[in-house]
Amino acid sequence: MPLFQLYFTPALLLLVLTCPQVSQSVPLMVKGTVTDSLVFSAQILLHKITDALTKDELFSGINCSQEMVKLNNETDTPSVCAPKGSKCSGINKTEFDQDLCLENIGKDLHHYFTFLAAQSDPDKLIDPTLSGLRELMQNFFPRHLPSDLVSEEDASENSSSFDKKLNLCKVLKGFQVRSITINRVLSYMNSGEQTK
């Protein structure tokens, strides 16, 4: 078990049990405003993704840290969610469209949820990541939560076990990168900077 998890889990449990504001169900969005609760949920998801990437038994025979990142290129989250005033890719962004940004984040979460839910995981090694993602989507992006899923066997019958592990490694690394972006964006929205 990673060192941060040894200290983080009891502290989080203590916070949830002793602090009435945390232990109660709190709305994630209040009239279009991203709340602290949503930011915290996204941070927890990032920790779960990072933890999954450190599980050697999930990627036996593969040095996942040396593999390439496989990002979801079907969304425009990085460019759409760039802060107002940023000059990424040489383009000076003068406006921030929060609704479009949240829509792209929802599509990203749907993509990764569908992928992870289709994985064969008999040892439940990616279950914590999947449950954290499901919780975030149920509370904040319910319309992006898929109702029907294709199993991994149906989607890739001819892939070897090694190829499946390698692909899982690359996609999880991509999800980690995208989750960092999502965390930064949600913190930006929570700060109110986009309205100034």
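Residues numbered from 1 in each chain as written. Predicted model: local features only at pLDDT ≥ 70, side-chain atom pairs only at ≥ 80, totals over all residues. Heavy atoms only, no water.

**Quick notes on the pattern of salt bridges**
- Here the structure, examined in full by the defined rule, presents two salt bridges.
- In this structure, R143 and E103 form a salt bridge, with 2.1 Å as the shortest nitrogen-oxygen distance. Here R143 is found in the loop between α6 (127–140) and α7 (152–155), whereas its partner E103 is found in helix α5 (residues 98–117), with 40 residues between them in sequence.
- For the salt bridge of D108 with R178, the shortest nitrogen-to-oxygen distance reads 2.9 Å. (Salt bridge = Lys/Arg side-chain N within 4 Å of Asp/Glu carboxyl O. Helix = DSSP H or I, 4+ residues; strand = E, 2+ residues; numbered from the N terminus.)

**A few points about the packing of aromatic side chains**
- The full count for this structure, using the stated rule, is three aromatic pairs.
- Look at Y112 and F175: their rings are 4.4 Å apart centre to centre, the planes differ by 15°, and that puts the pair in the stacked class. Note that Y112 is positioned in helix α5 and F175 in helix α8 (residues 161–191), a separation of 63 residues in sequence.
- Since its relative accessible area comes to 1%, Y112 is described here as buried.
- Given the relative accessible area of 2%, F175 is considered buried.
- For the pair F140 and F141, a centre-to-centre distance of 4.1 Å together with 90° between the ring planes defines the contact as edge-to-face.
- Classification of F141 as buried rests on a relative accessible area of 6%. (Phe/Tyr/Trp six-rings, centres within 6.5 Å; stacked < 30°, edge-to-face > 60°. Buried < 20%, exposed > 50% of the residue type's maximum accessible area, 1.4 Å probe, protein only.)

**Quick look at the environment of F59**
- Its location among the elements puts F59 in the loop between α3 (36–53) and α4 (77–80).
- A residue is classified by how much of its surface remains accessible, and F59, at 3% relative accessible area, is buried.
- As for F59 and F162, which are separated by 103 residues in sequence, their C-alpha atoms are 8.7 Å apart.
- When sequence neighbours within four positions are dropped, the list of residues in contact with F59 reads A52, L53, C64, K165, L168, C169 and L172. (Contact = heavy atoms within 4.5 Å.)

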